[in-house]
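Notes for the structure review
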Amino acid sequence: MRVNDIVAHIQAGRDRFVADLKEWLAIPSVSGDPAHAGDVRKSAEWLAGHLRNEGFPAVEIWETPGLPAVYAEWPAEDPDAPAVVVYGHHDVQPVEPLTEWDTDPFMPVEKGDRLVGRGASDDKGQVFFHTLGIRALLAASGRQAPPVTIKLLVEGEEESGSVHFADLLREHRERLACDAVVISDTTMWAADVPSMCTGMRGLTDAEVTLRGPSTDLHSGSFGGAVPNPLHAMAELLAGLHDADGRVTLPGFYDDVVPLTDEERALFARLPFDEEAWLRAAGDSRAAHGEKGYSTLERIWARPTAEINGMWGGHTGPGGKTIVPRDAHAKISFRLVAGQDPGKVQEAFRQWVAERTPPGVEAEVRLSGGGVRPCFSPIDSAGVKAARRAMERAFGTEVLFTREGGSGPEADLADILGAPLVFVAVGLNGDRIHAPNEKVEIPLLLKGAEAAAYLWEELATALR
């Protein structure tokens, strides 16, 4: 089989591929809006029908207490070949504000090489390139089945928190048994700087309330003589970091998987313009964070604690000279490889309790169990194989990134007991979650080409 054969099949299938994708994008599968529950189901049914037409021998809609997922399986010719789960999602973000869209978000349009519409990049387009890649591989090779068993799992609730996804994985764990999980729901550095994601940060958050007197007090009569909850909150939050920007929770860094020298060197090779990045970051005036790390290392591979909001006392017009009865703050922690949200939550509870002054009562409320981080070592067999496939498609060296966001990837790795491999062609400029979301069609075709090579590479690497 020649590389040119795969490329030729992809180019020949380009128009049909885009037309089918536009049909799928036209379904408003917004999982976060109950009014669109029927559309999410319609999206699942459309995808299931399409995958059957593409030749997948087994296609099923998997129900959850919420919205449905789609499962499709194509067994390898060799019964002893490795198995690979490909994860993506068919639900999309809400489209508001509608006035900021140049076109109808659910009437996808081509603008040159760009396809504009909700879900074009996140994540229908990136799910879809796998179908073209499989079709091209089989056509070019003359095979009737791929060299690995492909198990496509397309979730319907990712944009609303994947609330039923872990249970779905446990329920179907035997069907989903695999040697690796391929994730196509991330981005590359740039169209001309292809890269692979190797990790995503996790998340946990909390709201802290400090209570003092049972009512607001006159500051002339009581100020300086009773504890002020706002003073206590200001002191508490100021102590969350030390002078080097490190989080002061005991044991916070104990489980962090450190960056290797090779990873730091590869990050440093990315063409990062810090001044341009600062302008994009709300015209921020300076980079800031944990001492000893670059900006990219801070946002990709180091954990953080952020004060998201704080309030209390009088905030209306004019003065009101009081000792307020309470103070409030919201805090979030971005977590990296090795950290567990539950351990961080308990450490934070204890940290607040130990720093609450006499006469003040503290309450820490957590929003849930948090999201665990995920990580793929760059020297793992799966990552090496995927890098080779990407380099064959793009014809240049593929670098590595991580991402600051989070999703259900850690559940996939833990419940299925398989390593993660990120292969995606989205761009940070695709306006994901924003008005006028788009995807670059040539990159989707490159994604299909990389996917075609990927199955051959994994068939050898995972044995």
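With an unreviewed UniProt entry as reference, the protein chain is termed Dipeptidase, source organism Actinomadura livida.

Another aspect to go through is the nonpolar core. The biggest cluster of nonpolar side chains holds 79 residues, and the ones touching the most others in it are Val-182, Trp-455 and Leu-458. It is helix α14 (residues 441-461) that contributes the most residues to this core, 13 residues altogether. Membership of the second largest hydrophobic core comes to 27 residues, among which are Met-233, Leu-249, Val-256 and Val-364.

Residue position: Arg-372 is located in the loop between β15 (361-366) and β16 (374-375). Take Arg-372: its relative accessible area is 29%, and that puts it in the partly exposed class. Within polar-contact distance, the side chain of Arg-372 engages the side chain of Asp-411 at 2.2 Å.

Another aspect to go through is the packing of aromatic side chains. Here the distance between the centres and the angle between the planes together describe a pair of aromatic rings. Under the criterion given, the structure shown has 15 aromatic pairs. Aromatic pair Trp-46 and Phe-128: ring centres 6.1 Å apart, planes at 40°, arrangement tilted. Here Trp-46, found in helix α3 (residues 37-53), pairs with Phe-128, found in helix α4 (residues 124-141); they are 82 residues apart in sequence, far enough to count as distant. Classification of Phe-128 by relative accessible area gives buried; the value is 1%. Where Phe-252 meets Phe-333, the ring centres are 6.0 Å apart and the plane angle is 50°; that geometry is what we call tilted. With Phe-252 in the loop between α7 (229-238) and α8 (261-268) and Phe-333 in strand β14 (residues 326-335), this pair connects stretches of sequence that are 81 residues apart. An aromatic cluster of at least three residues, connected via ring pairs, comprises Trp-189, Phe-267, Phe-272, Trp-277 and Trp-300. Positioned above the aromatic ring of Tyr-253 is the side chain of Arg-246, whose terminal nitrogen or guanidinium carbon lies 3.9 Å from the ring centre. Residue placement shows Arg-392 over the ring face of Tyr-453; its charged tip is 4.1 Å from the ring centre.

Glancing now at the packing of α4 against α14. Each packed pair of helices is defined by two parameters, the angle between the axes and the distance between the axes. Orientation of α4 relative to α14, taken along the N-to-C sense of each, is 55°, at an axis distance of 7 Å. By the criterion of interaxial angle, the relationship of α4 to α14 is oblique. In the packing of α4 onto α14, the handedness of the crossing is right-handed. Of α14, the residues touching α4 (which contributes Gly-125, Gln-126, Phe-129, His-130, Leu-132, Gly-133, Ile-134 and Leu-137) are Leu-444, Leu-445, Gly-447, Ala-448, Ala-451, Ala-452, Trp-455 and Glu-456. Class assignment of the residues belonging to the contact of α4 with α14 gives a composition of 10 nonpolar, 5 polar and 1 charged.

On to the sheet that holds β15. Here we have 4 strands laid out as an open sheet, ordered β12-β14-β10-β15, and antiparallel in their pairing. Strand pairing shows two members of the sheet lacking a second neighbour, β12 (304-312) and β15, which therefore form its edges. Along the sheet, successive strands turn relative to each other by an average axial angle of 20°, direction set aside. In terms of strand pairing, strand β10 (residues 202-211) meets β15 through 6 bridges, oriented antiparallel. In the strand pairing of β15, Val-208 is matched with Val-364. Seen against the sheet, α7 touches β10, β12 and β14 and runs at an angle of roughly 15° to β14.

Turning to the UniProt feature "domain: Peptidase M20 dimerisation" (unreviewed entry) in the protein chain, a few remarks are in order. As annotated by UniProt and renumbered to match this structure, "domain: Peptidase M20 dimerisation" (unreviewed entry) occupies residues 199-358. Between the C-alpha atoms that bound residues 199-358 there is a distance of 42 Å. The span itself is 32% helix and 22% strand.

Once that is clear, we can look at the packing of helix α2 (residues 14-25) against α14. Contact pair α2 / α14: the axes reach a minimum separation of 12 Å and the direction vectors enclose 110°. Comparing the axis directions of α2 and α14 gives the class roughly perpendicular. Between α2 and α14, the residues in contact are Arg-14, Phe-17, Val-18 and Leu-21 and Ile-441, Leu-444 and Leu-445, respectively. Its residues assigned to classes, the contact of α2 with α14 comprises 6 nonpolar, no polar and 1 charged.

The next thing to look at is the sheet that holds β16. In space, the 3 strands of this open sheet follow the order β16-β9-β17, with mixed pairing throughout. The sheet is open, and its two borders are formed by β16 and β17 (399-403), each paired with just one other strand. Bridge analysis of strand β9 (residues 195-200) against β17 gives 4 bridges, and the strand direction is parallel. Residue pairing in the sheet places Ser-195 in a bridge with Leu-399 of β17.

We now examine unusual backbone geometry. With the exception of glycine, most residues fall at negative phi, and the peptide bonds are largely trans. Looking along the chain, the bond that leaves Glu-96 and enters Pro-97 is cis, with omega of 0°. Mapping Pro-97 onto the fold places it in the loop between β3 (83-89) and β4 (109-111). With an omega dihedral of 5°, the bond running from Asp-122 to Asp-123 counts as a cis peptide bond. With respect to the element layout, Asp-123 can be found in the loop between β5 (114-116) and α4. Within the chain, Ser-162 stands out as a residue other than glycine whose phi angle is a positive 50°. On the secondary structure map, Ser-162 appears in the loop between β6 (149-155) and α5 (165-171). Residue classification places Ser-162 among the buried positions, given a relative accessible area of 12%.

Reading the values: rules and limits
- Residues numbered from 1 in each chain as written.
- Predicted model: local features only at pLDDT ≥ 70, side-chain atom pairs only at ≥ 80, totals over all residues.
- Heavy atoms only, no water.
- Core = buried A, V, L, I, M, F, W, Y, C linked by side-chain atoms within 4.5 Å.
- Buried < 20%, exposed > 50% of the residue type's maximum accessible area, 1.4 Å probe, protein only.
- Helix = DSSP H or I, 4+ residues; strand = E, 2+ residues; numbered from the N terminus.
- Polar contact = N/O pair within 3.5 Å; in protein donor to acceptor, adjacent residues only side chain to side chain.
- Phe/Tyr/Trp six-rings, centres within 6.5 Å; stacked < 30°, edge-to-face > 60°.
- Lys NZ or Arg CZ within 6 Å of the ring centre and 35° of its normal.
- Axes fitted to C-alpha atoms, helices over the stretch in contact; angles between N-to-C directions.
- Parallel < 35°, antiparallel > 145°, perpendicular 65-115°, else oblique.
- Left-handed = near helix turned anticlockwise from the far one by under 90°.
- Contact = heavy atoms within 4.5 Å.
- Nonpolar A, V, L, I, M, F, W, Y, C, P; charged D, E, K, R; others polar.
- Pairing = 2+ DSSP bridges.
- UniProt positions renumbered as here; feature names shortened; annotations may be inferred.

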